[in-house]
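# What the coordinates show
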Amino acid sequence: MKDASPQTIYLKDYQPFPFRIERVDLTFRLAPKTTRVISRIAFAPNPERAGRHDLFLHGEKLRLIAARIDGADVPAALLTVTDEGATVAAQALPDGPFLWEAEVEIDPEGNTALEGLYMSGGMYCTQCEAEGFRKITYYPDRPDVMAPFKVRIESDMPVMLSNGNPTASGPGWAEWDDPWPKPSYLFALVAGNLVNLPDSFTTRSGRKVDLNIWVRPGDLDRCAFAMDSLIRSMTWDEEAYGREYDLDVFNIVAVDDFNMGAMENKGLNIFNSKLVLASPETATDLDFERIEGVIAHEYFHNWTGNRITCRDWFQLCLKEGLTVFRDQQFTSAMRSEPVKRIEDVLSLRARQFREDMGPLAHPPRPSSFVEINNFYTATVYEKGAEVIGMLKRLVGDDGYARALDLYFDRHDGDAATIEDWLKVFEDATGRDLSQFKRWYTDAGTPRLSVSEDWRDGTLTLTFTQMTPPTPGQDTKLPRVIPIAVGLLNPNGDEILPTTILEMTEATQSFRFADLASRPVASILRGFSAPVVLEREVPASERAFLLAHDTDPFNRWEAGRALAKDVLVRMVTDDDAPSADYISALGRLLTDDSLDPAFRALCLRLPSEDDLAQTLAEAGRSPDPDRIHTARETLARTVAERLVRPLALTYDAMADRGPFSPDATAAGRRSLRVAALGLLNRIDGGARAQTLFDAAGNMTESAAALACLIEAGRAEAALPAFHERWKGNRLVIDKWFMIQVVHAAPHQAAEVAERLAAHPDFDWRNPNRARSLLGGIAANHAGFHHASGAAYRFYADWLLRLDPVNPQIAARLSTAFETWARYDADRRAMVAAELQRIRSAPGLSRDLSEMTGRILG
Ligand code: ARG
Ligand code: ZN
């Protein structure tokens, strides 16, 4: 009998594990279908849990060959083995410390879920976070059980790696020793025919660290940027946080089959190859920026995640929110701070606000889950980072630095909680953070409305906050909201520099007295809190801020809001595109004092999904076709009216001299391709064709290909691109994605179906599956086309993926999370697809939880 519906796990049920682990010894005899894992684990009673306890060890998909306690076989009657693990009855255990030994057999080649030990392109690799170690051997697979590990690998692979430092090796074997106690989710092993880019780093206290990036033989020429990023990350973490690396080696391995971006295993980070490999010809500027950011992210986890880990998976944002915050700081330091902030807010709104406003809304620290893999979300990661940004704004830079020093001092070696985290801020700054904690425990995006009153030289701003209900949380208490405000006088001079107003009530007023004339308020500067600002602002005031705001984020935001107002009116009232908006854009475009990357962001129109969300929030059901048409019309009108400055910009931003991936050069290219995207609407693809034929870098080549598709003249370019790049999996991923993202709405499902039948559509590879399925989901009007063809196509693929790789299927299912926004016909079609998925026999816990929550 299959077990009943999957269990829900609750934060409130947390109990420490009844045993501690003193050390772990693992031996791996690798073979594709029959790998032997021999474990020796020294347990001792945990004084925090008095009395005698059974020993429960997680274990899934393991063939148990032998189990011994202190050298004697565990009597069959005292050992219970289920699908989830093994239990040794208390009476089989000695009173004090004991040694558990087990021998199991596993099948890496048959492991298509890519969790635990699996094979990718002939190499062995692992992914254990969150709960993959239990597919390797029997173990208390929970983050609060930490131990030092010794690992011996036996295989005929030339390179064999694990965590920690290498201790000895010989023909056919290698041994590793990781002295730092760690939870099992940070375990890693790699064995394969790999080559390395070596380098080294000397920490500021003088430890020399050998650095290596390991890749498949043909890929060695595309590792230099990742190595450079690693060295800059190590330097920055010493300078900004005083954190040094703590082993003699740091290894990074790139694998082609990987469920997510990358993983911070102690001393042995494993990466999706798309986040390591880059050359100007094969990687876009966005790829370069992501590689730099993710290399930094995983490296920073060494302190925020590994040295200090999480007590349980409910605390995931303790390490992820903080590490994202740190990698954002790093990127701002390496590139442009305002540009990075705008990019982060764009992605927060596109992914996290969308999540927070739908059926999958959950707090950064959830209080229950069915499958933890479903909680590696934008809310845990990106909102987790925003919450830390607010904390820093509230306590100031000094307070933040003191709190972080205390955090590292007090909790090094711990499995900590959000309560521990907040306590260091309270102790370091003397603040009471009990109300602030709601940001961690409550779901939903607060809406902040503002009204202004001007009299007798005093400006009064009155704010009201309201957070709509989210699943399981009907009523919300007011939160602490740091609102950054600046005031400008009518000629554009700043009369009040950025000041943080601290809102704690549901409604609260702030007064600015002794003003000579009525100022213009710039509110929520730098996006000082993750809220939706609801404010009726006349277009003239937005245009004023777009021209004069001294805060670059709000300057961009003013233009963004203008564009959105224009588009919404085009959709709802058939308005013509506003001339004021377009001339404001024109002035910005030609303002050479502005960073090209910033100008490029200003040229980018709000996405169709963003407009659909805005309309839904205003209580209208968004019509994807009308939204698409309005956005196209606006883009075309902008191109017509600004054709000269756009064409000049396009030419002026051409690369001069050799390619550089740095922020300045990337910013110029981003402005160039933004101009191209608009001009393409009126030049019939002429510029795109010229660029496609001549482009020396992937940023321009991919942008030109997208333009040719949109212009309906890609018949030659698509096969040429494929022919040129057929040997490069990462570039062929782009080839798949570009075609579906840029397909005309009524053809999108058809294009996707045709591509799914292409011999290169290796759908078991997560990157390839995401290119096609993520691509169609990103084509808003195509995915939501009235025929329902894309919904059907998508659901078919989720059903096909689920038995092979449930994590990927569950992740992709979030494409449906916005279904309740749309009209009754579309809702009925999506609901039918979701029901069809739910009724499939043997549905995974992952996809069953997701579809259940999405349906609500
Ligand atoms: N800890 C990894 C990172 O943020 C991601 C692990 C994702 N794991 C998962 N099961 N989805 O860098
Ligand atoms: Zn992370």
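Predicted model only: the values in this text are computed from it and were never measured. (Residues numbered from 1 in each chain as written. Chains lettered and ligands numbered in written order. Predicted model: local features only at pLDDT ≥ 70, side-chain atom pairs only at ≥ 80, totals over all residues.)

### Re unusual backbone geometry
Rule in force here: Numbering of helices and strands runs from the N terminus; a helix is a DSSP stretch of H or I covering at least four residues, while a strand is a stretch of E covering at least two.
In this structure, the amide linkage connecting Glu 129 to the following residue, Ala 130, adopts the cis form with an omega of 0°. Topologically, Ala 130 is positioned in the loop between strand S11 (123-127) and strand S12 (147-154). One non-glycine residue with positive phi stands out, namely Asp 514, at about 60°. Take Asp 514: it is sitting in the loop between strand S29 (507-512) and strand S30 (520-523). Positive phi is not limited to glycine here, since Asp 574 has a value of about 55°. For Asp 574, the location among the structural elements is in the loop between helix H9 (552-573) and helix H10 (579-589).

### As for the packing of helix H19 (residues 729-741) against helix H21 (residues 766-778)
Counted only if it meets this: To get an axis, a line is fitted to the C-alpha atoms, and for a helix only the part in contact is used. The angle between two axes follows their N-to-C directions and goes from 0 to 180 degrees. Here the angle decides the label: under 35 degrees means roughly parallel, over 145 means roughly antiparallel, 65 to 115 means roughly perpendicular, and every other value means oblique. Crossing handedness follows the turn of the near helix against the far one: under a right angle anticlockwise gives a left-handed crossing, and clockwise gives a right-handed one. A residue pair is marked as a contact if its C-beta atoms, positioned from the backbone, fall within 7 Å. For this classification, the nonpolar set comprises Ala, Val, Leu, Ile, Met, Phe, Trp, Tyr, Cys and Pro, the charged set comprises Asp, Glu, Lys and Arg, and every other residue, Gly included, is treated as polar.
Two elements in contact, H19 and H21, have axes whose closest approach is 8 Å; the angle formed by their N-to-C orientations is 15°. Viewed along their axes, H19 and H21 adopt a mutual orientation that is roughly parallel. Once H19 is placed against H21, the crossing between them reads as right-handed. Along the contact surface, H19 presents Asp 733, Phe 736, Met 737, Val 740 and Val 741, while H21 presents Asn 767, Arg 768, Ser 771, Leu 772, Gly 775, Ile 776 and Ala 778. Looking at side-chain class alone, the contact of H19 with H21 contains 7 nonpolar, 3 polar and 2 charged residues.

### Side note on the UniProt feature "domain: Peptidase M1 alanyl aminopeptidase Ig-like fold" (unreviewed entry) in the protein chain
The condition is simple: UniProt positions are given in the numbering used here, feature names are shortened, and annotations may be inferred rather than shown by experiment.
As annotated in UniProt, the feature "domain: Peptidase M1 alanyl aminopeptidase Ig-like fold" (unreviewed entry) corresponds to residues 444-535 in the numbering used here. Taken end to end, residues 444-535 is 0% helix and 53% strand, and its first and last C-alpha atoms sit 19 Å apart.

### Observations regarding the site of ligand 1
As a reminder of what qualifies: Each residue receives a C-beta atom placed from its backbone. It is near a molecule or strand if this atom lies within 6 Å of it.
Surrounding ligand 1, one finds Glu 129, Ala 130, Met 260, Ala 262, Met 263, Glu 264, His 297, Glu 298, Glu 320, Asn 373 and Tyr 376. Those elements that place two or more of their residues in the shell around ligand 1 are strand S20 (262-263) and helix H2 (285-300). For the shell around ligand 1, the residue count by class is 5 nonpolar, 2 polar and 4 charged.

### Concerning helix H1 (residues 224-241)
Counting along an α-helix, one turn takes 3.6 residues, and residues three or four places apart therefore face a common direction. Spelled out, the test is: Residue count minus one, scaled by 1.5 Å, sets the expected span of a helix. Labels follow a simple rule on C-beta atoms placed from the backbone: if 20 or more others lie within 10 Å of a residue's own, it is buried; if 12 or fewer, it is exposed; otherwise it is partly exposed.
Taking 1.5 Å of rise per residue, 18 residues should cover 26 Å, and H1 covers 25 Å from first to last C-alpha, within 8% of that figure. All of the buried residues in H1 are Phe 225, Ala 226, Ser 229, Leu 230, Ser 233, Met 234, Trp 236 and Asp 237. Looking at the buried residues of H1, the elements they touch are strand S17 (195-202), strand S18 (208-215), strand S19 (249-255), H2 and helix H3 (316-334).

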